[in-house]
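Each chain, written out:
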Amino acid sequence: MSIPEFLLEVSIVVIAVVSLLTNVSVLLCFTQSTELRSHVPGLFVLNLSFSNILLAGINMPSTFLGVAKSAKPFGDSFCKGVSFAETFLTINTMLSMAALSMDRWIAVVFPLSYSSKMRYRDAFLIVAYSWLHSLTFSLTQLLMDWGGYSHTYASCTVHLDGEEMSQLPVYATFTVLFHLSSFALCLLVLCFAYMKVLRVARSHCKRIDVITVQTLLLLVDIHPSVKERCLAQQKKRRQRATKKICIFIGSFILCFSPYVITSSVILGSKVESTPLQHKILIQ
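Residues numbered from 1 in each chain as written. Predicted model: local features only at pLDDT ≥ 70, side-chain atom pairs only at ≥ 80, totals over all residues. Heavy atoms only, no water.

### Some points on the pairing of strand S1 (residues 147–150)
Relative to strand S2 (residues 155–158), S1 runs antiparallel, the two being bridged by four bridges. Bridging across to S2, Ser150 finds its partner in Ser155. Hairpin connection from S1 to S2: four residues lie between these consecutive antiparallel strands, with Ala154 at a positive phi of about 50 degrees. (Pairing = 2+ DSSP bridges. Helix = DSSP H or I, 4+ residues; strand = E, 2+ residues; numbered from the N terminus.)

### Re a nonpolar patch on the surface
A cluster of nonpolar side chains, contributed by Phe6, Leu7, Val10, Val14 and Val18, occupies part of the molecular surface with about 430 Å² of accessible area. When you line up the elements, Val18 lands in helix H1 (residues 3–32). For Val18, a relative accessible area of 45% puts it in the partly exposed group. (Patch = residues over 30% accessible without salt bridge, like charges linked within 9 Å, V, L, I, M, F, W, Y side chains within 5 Å. Areas by Shrake-Rupley, 256 points an atom, 1.4 Å probe, with all protein chains shown as cover. Salt bridge = Lys/Arg side-chain N within 4 Å of Asp/Glu carboxyl O. Buried < 20%, exposed > 50% of the residue type's maximum accessible area, 1.4 Å probe, protein only.)

### A short note on the UniProt feature "transmembrane region" (unreviewed entry) in the protein
When the UniProt feature table is mapped onto this chain numbering, "transmembrane region" (unreviewed entry) sits at residues 6–30, 42–62, 82–102, 123–144, 170–194 and 245–267. End C-alpha atoms of residues 6–30 are separated by 36 Å, and the span's content is 100% helix alongside 0% strand. For the annotated span residues 170–194, helix accounts for 100% and strand for 0% of the residues, and the straight-line distance between the end C-alpha atoms is 35 Å. (UniProt positions renumbered as here; feature names shortened; annotations may be inferred.)

### Thoughts on the pattern of salt bridges
In this structure the tally under the stated criterion is three salt bridges. When the shortest N-O distance is used, the salt bridge between Lys80 and Asp145 registers 3.0 Å. Within this pair, whereas Lys80 is found in helix H4 (residues 76–109), its partner Asp145 is found in the loop between helix H6 (120–143) and S1, the two being separated by 65 residues in sequence. Taking the relative accessible area as the measure of exposure, Asp145 reaches 33% and is therefore partly exposed. For Arg104, the salt bridge is made with Asp103, and the minimal N-O distance between the two is 2.5 Å.

If you want it as structure tokens, here you go:
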């Protein structure tokens, strides 16, 4: 076994264990806390944690075995099932993160009407749409027999075998729609929602800080150093808010963009090589 393969296996195990522990902890907190269950965002968090646990418990062990054995871990039926679960859970995870961002946007931008705009019924409808959206792509993949072991990913995932190149146009359409309606759409929603949240939060903080400083000026004679410290604290609060949002969006990009990029590159290479194959067959 080479060192890169060993490091990859260790990283898969570590990520799977950390993901299971953190998401199980979230579920335990949700079941034990009445306050969390009473809030609408808790439903989105529950759906997100549920998807992450299944991904860590189903897909990552399969990937570990694929890397360790450098071959398909089990039979075709098992691999197709894992591929189906991966597609469904990946889309569901992305849509859950987008739903959380929209919930925070409504809560911050429309605080007075939040309870009427985001009710439990609305949250259930959003989660139901997330499941339906995910099932549409995963079932399409299953019916078209596009799930199986991929040597590129060393895992059971959605891909097109070289023997099925006649399906390339349909598969290309499926892949483009898959990435546009999941990764691209969710990234757009995340950026829109959190930029709005950041703008409103900065506006509120600035207004509160101005009122606070003006009130202190009326009550006492503030020393310039005190005022400077107040301004420094304001800047730190703005930076912390920006940092949290960047971390959330950055984690989304870090988790899902590698798969989107590699699958797009693989699809592009297949599309480019198709005319050459046809010429060879004709000759």
